[in-house]
Amino acid sequence: MFARVEQDALRDLENPDLTDERRLALMFIAAVRHLHRAIAPAAFEARRRSAPEESDLSCASCDKALRGPSLYCCDQCRDVAKHIRYIRKIIHDERITVPDLQESIGARLLYLGSGGQARSPDPAAKAAPHPTETDLILGDMAFRVASPQPLRACDDWRTWELRQPTIKAARRAIIESRLGHAAD
Ligand SMILES: [Zn+2]
């Protein structure tokens, strides 16, 4: 799946004129490729979440408990899942090798890695010995992109749009049942 990306990425990463966005995208793709090869399918499988239709009210992307029938706990989780679906899709159809798309992927990763904040360069954060928030966010995304099967329903570009009405209906039913008990 990554053969062409590998050749392109190795060549392009040596380009001194590479933008920060494309550099980040190429490094992200390299991390995904490494995880995809290094991690056994069973280890990915162990991290797979049950279908959100059957679960209680929790964020489709991070499992945080929700108090309403929404799919995600916040805009950041919705955006992360959307970008994971997009990257999985263009890896699948090999458009991941298109430089313009890599550029836009990198811009999105910069934004998401900063927790959805406008990004300001922080030299102290770069030197930090512990994984930064950015490392954790992008690391989780790379793992979810690398998994042979989508780890979460919201990571699946083939089915997520179709499944949403069912999941939302199930969540509304949970809320209604709770309200019903409260009224007893
Ligand atoms: Zn969440």
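This is a predicted model, so every value here is computed, not measured.

**Quick notes on unusual backbone geometry**
Point 1. Here Asp-63, not a glycine, exhibits a phi torsion of approximately 75°, which is positive.
Point 2. Inspection of the secondary structure puts Asp-63 in the loop between helix H3 (41-46) and helix H4 (75-92).
Point 3. Using a count of 14 C-beta atoms within 10 Å as the deciding quantity, one classes Asp-63 as partly exposed.
Point 4. Although it is not a glycine, Glu-94 adopts a positive phi angle of roughly 70°.
Point 5. The topology assignment puts Glu-94 in the loop between H4 and helix H5 (99-113).

**Regarding the nonpolar core**
Point 1. In terms of nonpolar packing, the biggest core is built from 26 residues, with Ala-25, Phe-28, Ala-60, Ala-142 and Val-145 touching the most fellow members.
Point 2. The set of elements that each furnish at least two residues to this core consists of helix H2 (20-38), H4, H5 and helix H7 (133-146).
Point 3. Here this core takes 6 residues from H2, the largest share from any one element.
Point 4. Other than its neighbours up to four places away in sequence, Phe-28 contacts Leu-109, Leu-138 and Ala-142.

**A closer look at the packing of H2 against H5**
Point 1. Orientation of H2 relative to H5, taken along the N-to-C sense of each, is 90°, at an axis distance of 7 Å. If you check the angle between H2 and H5, you find them roughly perpendicular. Residues Glu-21, Arg-22, Leu-24, Ala-25, Leu-26 and Phe-28 of H2 form the contact with H5, whose own contacting residues are Pro-99, Gln-102, Glu-103, Ile-105, Gly-106, Ala-107, Leu-109 and Leu-110.
Point 2. Looking at side-chain class alone, the contact of H2 with H5 contains 9 nonpolar, 2 polar and 3 charged residues.

**Digging into H5**
Point 1. In this model, H5 (15 residues) spans 20 Å end to end at C-alpha, consistent with the 21 Å of a helix rising 1.5 Å per residue.
Point 2. Turning to H5, its buried residues are Gln-102, Ile-105, Gly-106, Leu-109 and Gly-113. Axial view of H5: buried residues confined to an arc of 105°, hence all on one face.
Point 3. Within two residues after H5, Gly-115 carries a phi angle of roughly 75°, on the positive side.

**Some remarks on the environment of Val-80**
Point 1. Along the chain, Val-80 turns up in helix H4.
Point 2. On the neighbour-count criterion, Val-80 (25 C-beta atoms within 10 Å) is buried.
Point 3. In this structure the C-alpha to C-alpha distance between Val-80 and Leu-109, which are 29 residues apart in sequence, comes to 8.9 Å.
Point 4. Excluding anything up to four places from it in sequence, Val-80 contacts Ser-61, Leu-112 and Met-141.

**Notes on the packing of H2 against H7**
Point 1. Packing of H2 against H7 brings their axes to within 8 Å, and their N-to-C directions diverge by 55°. By the angle between their axes, H2 is oblique relative to H7. Two packed elements cross with a definite hand, and for H2 against H7 that hand is right-handed. In contact with Phe-28, Ala-31, Val-32, Leu-35 and His-36 of H2, H7 contributes Leu-138, Ala-142, Phe-143, Val-145 and Ala-146.
Point 2. Split into classes, the residues belonging to the contact of H2 with H7 amount to 9 nonpolar, 1 polar and no charged.

**Notes on H7**
Point 1. Between its terminal C-alpha atoms H7 stretches 20 Å, which fits the 20 Å expected from 14 residues at 1.5 Å a residue.
Point 2. Taken as a whole, H7 has its buried residues at Leu-138, Met-141, Ala-142, Arg-144, Val-145 and Ala-146.
Point 3. On its buried side, H7 packs onto H2, H4 and H5.

The rules we used
- Residues numbered from 1 in each chain as written.
- Predicted model: local features only at pLDDT ≥ 70, side-chain atom pairs only at ≥ 80, totals over all residues.
- Helix = DSSP H or I, 4+ residues; strand = E, 2+ residues; numbered from the N terminus.
- Buried ≥ 20, exposed ≤ 12 C-beta atoms within 10 Å, placed from the backbone.
- Core = buried A, V, L, I, M, F, W, Y, C linked by C-beta atoms within 7 Å.
- Contact = placed C-beta atoms within 7 Å.
- Axes fitted to C-alpha atoms, helices over the stretch in contact; angles between N-to-C directions.
- Parallel < 35°, antiparallel > 145°, perpendicular 65-115°, else oblique.
- Nonpolar A, V, L, I, M, F, W, Y, C, P; charged D, E, K, R; others polar.
- Expected span 1.5 Å × (residues − 1).
- Arc of directions from axis to C-beta.
- Left-handed = near helix turned anticlockwise from the far one by under 90°.

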